[in-house]
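The residues making up each chain are set out below.
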Amino acid sequence: QVRLVESGGGLVQAGGSLRLSCAVSGRSTIYTMGWFRQAPGKEREFVAAMSWRSGDILYADSAKGRFTISGGGFENTMFLQMNSLKPDDTAVYFCALGTTSTFFVDSSGRLYDYWGQGTQVTVSS
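Cut-off values and rules
Residues numbered from 1 in each chain as written. Predicted model: local features only at pLDDT ≥ 70, side-chain atom pairs only at ≥ 80, totals over all residues. Heavy atoms only, no water. 1 Å grid on protein atoms, 1.4 Å probe; cavity = no way out; pocket = protein on both sides within 12 Å on 5 of 7 lines; lining within 4 Å. Points joined across faces, edges and corners; volume = space filled by probe spheres on them. Nonpolar A, V, L, I, M, F, W, Y, C, P; charged D, E, K, R; others polar. Buried < 20%, exposed > 50% of the residue type's maximum accessible area, 1.4 Å probe, protein only. Helix = DSSP H or I, 4+ residues; strand = E, 2+ residues; numbered from the N terminus. Pairing = 2+ DSSP bridges.

Student: Help me understand empty space enclosed by the protein in this model?
Tutor: Remark: the empty space left among the atoms is shown by a probe the size of a water molecule rolled over them. In the structure shown here, the tally under the stated rule is one cavity of 30 Å³ or more. Taken as a whole, the largest cavity encloses approximately 40 Å³ of empty space. Considering only residue class, the lining of the largest cavity consists of two nonpolar, five polar and one charged.

This is the structure in structure tokens:
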């Protein structure tokens, strides 16, 4: 049974930083891991993802220059360092794990097999 557990969310003022973590337990072949978020009344959107094998990384335009995704190795833990946070970043952040080998880093969410329960990030103005 594969389980993903996010942590690190919280309340922060605009301009502040948070570091999210996603711990993977259970046996699984990891090809891609990613972060998605969903704000109230909005659809889930892609934030960032990385290929566990090649190290290729993809960011949403909203995350470029402010967020950094990292992780890999035998610890099977992924991180999202978020700097210069804005009120628009307020959302529940989910980590996801994909077990399908692909030649690209998926931003649609369709190629992820396991999802965490999410961690709330609230940015006050």
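Having put the structure on the table, let's press on.
Student: Is there a simple way to think about the pairing of strand E9 (residues 91-98) in this case?
Tutor: The side chains of a regular strand alternate between both faces of the sheet. For E9, the buried fraction is high: seven of the eight residues fall into the buried class. Summarising the sheet, strand E4 (residues 32-38) and E9 pair through seven bridges and their orientation is antiparallel. Note on E9: the bridge partner recorded for Arg37 is Tyr93. One ladder, built from three bridges, connects E9 with strand E11 (residues 119-124); its direction is antiparallel. Looking across to E11, one finds that Val92 is bridged to Gln120. Direction of pairing for E9 relative to strand E10 (residues 114-115): antiparallel, over a ladder of two bridges.

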